[in-house]
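The residues making up each chain are set out below.
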Amino acid sequence: MPRDALDAFEVLSPHYARIGARLYCRGAWVPEAAAERFQLIPETRFAHDGERVYAFTITEGLDVLEGASSPFYFLPCCEHFADRRHFYWQSSWTRRIERVSGHTRVDTYEKKAVLLAFLWHDADPDDALGDASRMQMLERVRTVAELFRLALPQAGAHWSGAPVPRD
């Protein structure tokens with residue numbers, strides 16, 4: 001690395017770094033990335049630059065989703081994300097970011113982690129009634145669409161397969 005590049009070197013995470021107007025993932029240049037707008041999404045595998053969504057894990061590697069419509073919606077500890085119309089995830093089979101149906105089942109571990117981090121702010125319930133209320137909520141949330149609607153009721157997105165909340 002040239003000496004003058006060291007001044008512009010910025011470590012964003014253990015996997016991403018920015019040098020001037022270039023973004024790198026695990027040492028490899030990501031040429032399509034808008035490095036100046038690149039944002040990591042805390043507590044997820046995702047990042048975005050306003051035009052593209054990036055997903056990275058050691059096992060699945062890096063994938064880039066182009067053509068999604070911002071704004072993007074992310075939830076902490078969630079393996080899924082959404083744009084204005086659809087839901088996505090990074091498949092461990094194909095290692096690609098793929099669109100999934102809003103009817104896709106969300107597993108108990110993921111919904112518990114998301115609700116604990118996002119709605120319950122990592123706090124334990126105050127009493128047995130609070131615990132029972134949480135258990136009911138966990139039982140009601142079965143799909144990705146239900147999880148996003150519960151966590152982001154004011155998003156105003158038109159997600160496919162997402163039930164519209166009743167007022």
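Let us look at the structure shown here. (Residues numbered from 1 in each chain as written. Predicted model: local features only at pLDDT ≥ 70, side-chain atom pairs only at ≥ 80, totals over all residues. Heavy atoms only, no water.)

Counting its secondary structure elements, the chain contains four helices and twelve strands. Taking the principal axes of its C-alpha atoms as reference, the chain extends roughly 60 × 35 × 30 Å. Sequence-distant contacts, at least 24 apart, represent 44% of the contacts inside the chain between residues at least 6 apart. For the chain, the accessible area works out to roughly 9,900 Å², and carbon and sulfur atoms hold 52% of it. Measuring between centres, the 20 positive side-chain charges of the chain sit 5 Å from its 24 negative side-chain charges. (Helix = DSSP H or I, 4+ residues; strand = E, 2+ residues; numbered from the N terminus. Contact = heavy atoms within 4.5 Å. Areas by Shrake-Rupley, 256 points an atom, 1.4 Å probe, with all protein chains shown as cover. Lys, Arg positive; Asp, Glu negative; His and termini not counted. Charge placed at Lys NZ, Arg CZ, Asp CG, Glu CD.)

Turning our attention to helix α3 (residues 128-140). An ideal rise of 1.5 Å per residue puts 18 Å on 13 residues; α3 measures up with 18 Å between its terminal C-alpha atoms. Taken together, the buried positions of α3 are Arg 134, Met 137 and Leu 138. Buried positions in α3, seen along its axis, are confined to an arc of 100 degrees and lie on one side of it. Residues of α3 that are exposed and point over 90 degrees away from its buried face: Ala 128, Leu 129, Gln 136, Glu 139 and Arg 140. For α3, the elements touching its buried residues are α2 (108-118) and α4 (144-151). A side-chain oxygen of the first residue of α3 lies 3.2 Å from the backbone nitrogen of Leu 129; this N-cap is Asp 127. (Expected span 1.5 Å × (residues − 1). Buried < 20%, exposed > 50% of the residue type's maximum accessible area, 1.4 Å probe, protein only. Arc of directions from axis to C-beta. Polar contact = N/O pair within 3.5 Å; in protein donor to acceptor, adjacent residues only side chain to side chain.)

As a further point, take the packing of aromatic side chains. Per the stated rule, a full pass over the model turns up nine aromatic pairs. A centroid spacing of 6.4 Å and a plane angle of 70 degrees characterise the contact between Tyr 16 and Phe 56, whose relative ring orientation is edge-to-face. With Tyr 16 in strand β2 (residues 16-19) and Phe 56 in strand β7 (residues 52-57), this residue pair connects regions lying 40 residues apart in the sequence. On the basis of relative accessible area, Tyr 16 is assigned to the buried category, the value being 4%. In this structure an aromatic cluster arises from ring pairing among Phe 46, Phe 72, Phe 74, Phe 81 and Tyr 88. (Phe/Tyr/Trp six-rings, centres within 6.5 Å; stacked < 30°, edge-to-face > 60°.)

Ordered by their spatial adjacency, four strands build an open sheet running β9-β10-β11-β12, and the pairing between neighbours is antiparallel. Looking at the sheet topology across the chains shown, the edges are occupied by β9 (73-74) and β12 (97-100). Direction of pairing for strand β10 (residues 80-82) relative to strand β11 (residues 87-90): antiparallel, over a ladder of three bridges. Across the sheet, residue Ala 82 finds its bridge partner in β11, namely Phe 87. Taken strand by strand, α4 contacts β9, β10 and β11, and its axis lies near 65 degrees from that of β10. (Pairing = 2+ DSSP bridges. Axes fitted to C-alpha atoms, helices over the stretch in contact; angles between N-to-C directions.)

For the bond running from Ser 70 to Pro 71, omega is 10 degrees, close enough to zero to count as cis. For Pro 71, the position within the fold is in the loop between β8 (61-66) and β9. Residues other than glycine seldom take positive phi values, yet Arg 26 does so here, at roughly 50 degrees. Among the secondary structure elements, Arg 26 is positioned in the loop between β3 (22-25) and β4 (28-29). Residue classification places Arg 26 among the exposed residues on the basis of a relative accessible area of 54%. Although it is not a glycine, Asp 122 sits at a positive phi angle of roughly 60 degrees. Mapped onto the secondary structure, Asp 122 falls in the loop between α2 and α3.

Within this structure, the stated rule accounts for ten salt bridges. A salt bridge links Arg 142 to Glu 146; the nearest nitrogen and oxygen atoms lie 3.5 Å apart. Bridged by salt links that share partners, the residues Glu 36, Arg 37, Asp 49, Glu 51, Arg 52 and Glu 66 form one connected network. (Salt bridge = Lys/Arg side-chain N within 4 Å of Asp/Glu carboxyl O.)

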